[in-house]
Amino acid sequence: MTDYDVTPTPTPTPTPEQVARGRVIPDRDLPMVAAQWLVEGYDSPLLRELASLTSRQALAAEVRLGDVLAELGHAPRLVDVPYEQVAWRGQWEDICWAVDRIDRTHRPYAAAQYVLEIIGDHEDLWGPGGGVDLTAMLRAWDDDAESRIVIDEQIRTHLRALREQDVPPLVDERRRDY
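Described below are features of the structure shown in this document. Nothing here was measured: the structure is a model prediction, and the numbers come from that model.

Quick notes on the overall build of the protein
Piece 1. If you tally the helices and strands in the protein, you get ten helices and zero strands.
Piece 2. Each helix and strand of the protein, placed in order from N terminus to C terminus, yields the pattern α-α-α-α-α-α-α-α-α-α.
Piece 3. Put simply, the protein has 178 residues, and 35% of those count as buried.
Piece 4. In the protein, the proportion of contacts linking residues at least 24 apart, taken out of those at least 6 apart, comes to 61%.
Piece 5. Entry remark: accessible area of the protein is about 11300 Å², with carbon and sulfur atoms responsible for 52%.

Examining the nonpolar core
Piece 1. Counting residues in hydrophobic clusters, the biggest one holds 22 residues, and the most contacted among them are I95, V115, L134, I155 and L159.
Piece 2. Contributing elements (two or more residues each) for this core: helix 6 (92-100), helix 7 (108-121), helix 9 (131-143) and helix 10 (148-160).
Piece 3. Counting residues per element, this core draws most heavily on helix 7, at seven residues.

Describing the packing of aromatic side chains
Piece 1. Counting across every chain of the model gives three aromatic pairs.
Piece 2. Both rings, one in Y109 and one in W141, keep their centres 4.4 Å apart while their planes meet at 40°; by these two values the pair is tilted. Of this pair, Y109 sits in helix 7 while W141 sits in helix 9, and the two are 32 residues apart along the sequence. Each member of the pair, Y109 together with W141, is buried.
Piece 3. Just above the ring of W141 sits the side chain of R148; from NZ or CZ to the centre is 3.9 Å.

With respect to the pattern of salt bridges
Piece 1. Under the counting rule described, the total for this entry stands at four salt bridges.
Piece 2. Ionic pairing is found between R28 and D29, a salt bridge with its closest N-O pair at 4.0 Å.
Piece 3. A relative accessible area of 31% places D29 in the partly exposed class.
Piece 4. Between R48 and D43 there is a salt bridge, and its shortest N-O distance comes to 2.6 Å.
Piece 5. By relative accessible area, R48 is classed as partly exposed at 41%.
Piece 6. Residue class for D43 comes out partly exposed when judged on its relative accessible area of 47%.

Comments concerning the environment of P16
Piece 1. With respect to the secondary-structure elements, P16 resides in helix 1 (residues 16-20).
Piece 2. Taking relative accessible area as the criterion, P16 reaches 0% and is therefore assigned buried.
Piece 3. The residues touching P16, leaving out its near neighbours within four places in the chain, are W37, Y42, L69, L72 and H74.

As for the packing of helix 7 against helix 10
Piece 1. Remark: helix 7 packs on helix 10, axes separated minimally by 9 Å, with the N-to-C direction vectors making an angle of 40°. Considering their axes alone, helix 7 and helix 10 lie oblique with respect to each other. For helix 7 against helix 10, the interelement crossing comes out left-handed. Contact residues: helix 7 offers P108, Y109, A111, A112 and V115, while helix 10 offers D152, I155, R156 and L159.
Piece 2. Of the residues belonging to the contact of helix 7 with helix 10, the class tally is seven nonpolar, no polar and two charged.

Details of a negative patch on the surface
Piece 1. A contiguous patch of negative charge on the surface is contributed by D142, D143, D144 and E146.
Piece 2. Here D143 lies in helix 9.
Piece 3. Looking at D143, the relative accessible area reads 69%, which means it is exposed.

Conventions and cut-offs
Residues numbered from 1 in each chain as written. Predicted model: local features only at pLDDT ≥ 70, side-chain atom pairs only at ≥ 80, totals over all residues. Heavy atoms only, no water. Helix = DSSP H or I, 4+ residues; strand = E, 2+ residues; numbered from the N terminus. Buried < 20%, exposed > 50% of the residue type's maximum accessible area, 1.4 Å probe, protein only. Contact = heavy atoms within 4.5 Å. Areas by Shrake-Rupley, 256 points an atom, 1.4 Å probe, with all protein chains shown as cover. Core = buried A, V, L, I, M, F, W, Y, C linked by side-chain atoms within 4.5 Å. Phe/Tyr/Trp six-rings, centres within 6.5 Å; stacked < 30°, edge-to-face > 60°. Lys NZ or Arg CZ within 6 Å of the ring centre and 35° of its normal. Salt bridge = Lys/Arg side-chain N within 4 Å of Asp/Glu carboxyl O. Axes fitted to C-alpha atoms, helices over the stretch in contact; angles between N-to-C directions. Parallel < 35°, antiparallel > 145°, perpendicular 65-115°, else oblique. Left-handed = near helix turned anticlockwise from the far one by under 90°. Nonpolar A, V, L, I, M, F, W, Y, C, P; charged D, E, K, R; others polar. Patch = residues over 30% accessible without salt bridge, like charges linked within 9 Å, V, L, I, M, F, W, Y side chains within 5 Å. Lys, Arg positive; Asp, Glu negative; His and termini not counted. Charge placed at Lys NZ, Arg CZ, Asp CG, Glu CD.

Next up, the structure:
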């Protein structure tokens, strides 16, 4: 029988910079994220107020995340370009979801397959997403059962190293024709 490590790996809290660039945080999680930001050294009156709320209060809160981010010096980016021009073509949230689920609900192999499906559907994502390396890792995993623990760790490292800013927008914003 195979033993699986089911110890949850802590998922890093998104930074205010990531949230200002578009990383989505469910409203019910805002107080916990705000509290984590306080622990990490960010501070503002609205951030403290948001951190003091319960999840239920956050759903009806008067404190808006955009105001908190602006107070922290990270005003949310206003997207005035078509959806296709956003980095990762809007697929970043799905990639983050897969990375966040490693060892929680998905084995590294399954998370890698999910990411490969996303980057394989968008040719501009294949290189920055490390599609060739990820495919090679999955092949090695299939071919060498004795090395799967090591390969699982390589997959984890690869997926957790993916960053949204590594991929430029589809259209260069300096060359707008409209």
